Amino acid sequence: MTEHSRAYGLFIGGKWETPAGAKTFKTLNPATGEVVGEFVAGTAADAKAAVDAAVRAFPAWKSTPTPKRGEILLAASQILRRRKEEVARLVSQEMGKVISEGRGDVQESIDFIEYMAGEGRRLQGETVPSELKLKFCLTVHQPKGVVVCITPWNFPTAIPNWKIAAALVCGNSVVFKPASATSRCAAEVVRVYEEAGVPPGVLNFVTGSGGTVGNALIEDPRVRGISFTGGVDTGREVYTRGAKGLKTVHLELGGKNPVIVLNDANLDLALDGVLFGAFGTQGQRCTATSRLILEDGIYDTFLRRLVERVRALKVGDPLDPSVEMGPVASADQEKKILEYIQVGKAEGAHLATGGSRLTGGDYDRGHFIEPTIFEVRHGMRISKEEIFGPVLSVVRVKDYKEAVRVANDVEYGLSSAIYTKDVNLAFQAIEELETGITYINAPTIGAEVQLPFGGTKNTGNGGREAGSAAIEEYTETKSVFIDYSNRLQKAQIDTA
Ligand code: NAP
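Engineer: How would you explain the sheet that holds strand β15 (residues 350-353) if you had to name every residue and give the values?
Structural biologist: Backbone-to-backbone hydrogen bonds join strands into a sheet, with any given pair of strands oriented parallel or antiparallel. Pairing within the open sheet is mixed, and its seven strands lie in the order β15-β16-β17-β14-β13-β19-β20. Two strands in the sheet have a free side with no partner beyond their single neighbour: β15 and β20 (437-440). Within the sheet, the average angular offset between the axes of one strand and its neighbour, ignoring direction, is 25°. The sheet contact formed by strand β13 (residues 257-261) and strand β19 (residues 415-419) spans three bridges and is parallel. Along β19, the bridge assignment pairs Val 259 with Ala 417. The strands touched by helix α9 (residues 267-279) are β13, β14 (289-295), β16 (372-375), β17 (391-397) and β19; relative to β17, the strand with the most contacts, the crossing angle is about 140°. Lying over the sheet, helix α11 (residues 331-347) contacts β15, β16 and β17, oriented at roughly 25° with respect to β16.

Next up, the structure:
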């Protein structure tokens, strides 16, 4: 274990506890192989205990005035701001993001918790006219009850906070099941809310495998809402299980995000954007640029310049501020990405740069892969399937129309971007690109918490995280009719 390594229990009913005889698991630093933390491998019984606690805590939390709930969130954001550097370093150590991106992960958490703290003084419903005289109509948001949040490892603090802060301000009690690989970052998120004064049982934390803890939580009949971010296969399973209990299941799944660069684009700007979008976080963002669609006129020049820039990227220890790309997140990730690189080679894609595991010296302790670019024919597997690593597929197209057709011809629809100076084409692209997010002259990454976040097609099931849209995910809307006529009014008769 490293000097920083720590052991954590489960957090249930306001207490950190390790159940007697519990099995444990460890998380590892993907750059060095050192142990980052040790956690309880939760069981179905632990999941049930967490739901028990959440059920008990719900009525009092629901009736806590919403501005008061917002105040507790504001305190949480201030605590996290104070601890930003320490938690950012943990993100780099447990997940492998370079330290500037570790800070970004935590900053996004702070921003979102602050934003949701503000919702404590809004949580707006609607007032709408009635079709009858002397009658008043409005809507109010009410919490669902017990909500389960299941998160991936790639934004180990931001995604948990996006879910937890929204669920809490709306008055739900929460059971949080993090990605096993980043359980320490998740535990620190929970500690922030604990310190901020979230009452016992309102936020519960159960570590352990998705198959065991996740399934037990989803199948518990007392759980009313599930918010899940992860891969499409897991999402499908979660959705199916949740559907059996007629639960609301909010899914944020994979992406195969395209950047289109047209002949008239500012190429310097586009180069910076593609480099950051494709190789930031080692390509392990759901919004990472994994496809580059180049118009014929600039294809050769742009690709040559991109390859030069990519070969100069510094790959190494994510805590070294001069490093631009860290390790991929785990041995499993490394294996999957290297398999896809083999698929690309076998399909006959042209390897423009990279394509191997980095070895020698410190690289041998971790999971380092060269930033990789393939020139592909659209339709090859590597041009359509999510790789979730530092592997970019480049496609040549003859014009804007073909670019949009290629961009849309995948199962996913999370993020897209176009670089052009033609305002007409930019607006057409906003209309025609089948994604939940579109950037004009900016990379496919760079969400802001005050806007809805989510995708179309197999990226999800229509919900949106963040922004005011998040409120819809964590509340039931109640319609209220107030009749002050003092007589029985019947719609069909009295409107005549
Ligand atoms: P994953 O393997 O699907 O796991 C996600 C979470 O689900 C983890 O907490 C996992 O627990 C849990 N889980 C696994 N099997 C489960 C089951 N049967 N029932 C309930 N929960 C289960 O995904 P990942 O590898 O962590 O994350 C990468 C994926 O997330 C990529 O596809 C990426 O595009 C997607 N993602 C999407 C967004 C978005 O907003 N659209 C954002 C970020 C990431 P364990 O860790 O214990 O297995």
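Engineer: Any details on the layout of surface pockets? Residues and values, ideally.
Structural biologist: Volume-wise, the second largest pocket comes out at about 290 Å³. Looking at the lining of the second largest pocket, the elements that each hand over two or more residues are β5 (35-40) and α3 (84-95). Examining the composition of the lining of the second largest pocket, we find that three residues originate from one element, α3, more than from any other. Residue composition of the lining of the second largest pocket, grouped by class: eight nonpolar, eight polar and five charged.

Engineer: Provide a residue-level description of the sheet that holds strand β7 (residues 135-143), including the pertinent values.
Structural biologist: Strand order in the open sheet formed by three strands is β6-β7-β22, with antiparallel pairing between adjacent strands. Because the sheet does not close on itself, it has two edges, and the strands there are β6 (127-128) and β22 (475-483). Taken together, the two bridges between β6 and β7 define a ladder with antiparallel strand orientation. Among the inter-strand pairings, Val 128 is bridged to a residue of β7, identified as Cys 137.

Rules and cut-offs
Residues numbered from 1 in each chain as written. Predicted model: local features only at pLDDT ≥ 70, side-chain atom pairs only at ≥ 80, totals over all residues. Heavy atoms only, no water. Pairing = 2+ DSSP bridges. Helix = DSSP H or I, 4+ residues; strand = E, 2+ residues; numbered from the N terminus. Axes fitted to C-alpha atoms, helices over the stretch in contact; angles between N-to-C directions. Contact = heavy atoms within 4.5 Å. 1 Å grid on protein atoms, 1.4 Å probe; cavity = no way out; pocket = protein on both sides within 12 Å on 5 of 7 lines; lining within 4 Å. Points joined across faces, edges and corners; volume = space filled by probe spheres on them. Nonpolar A, V, L, I, M, F, W, Y, C, P; charged D, E, K, R; others polar.

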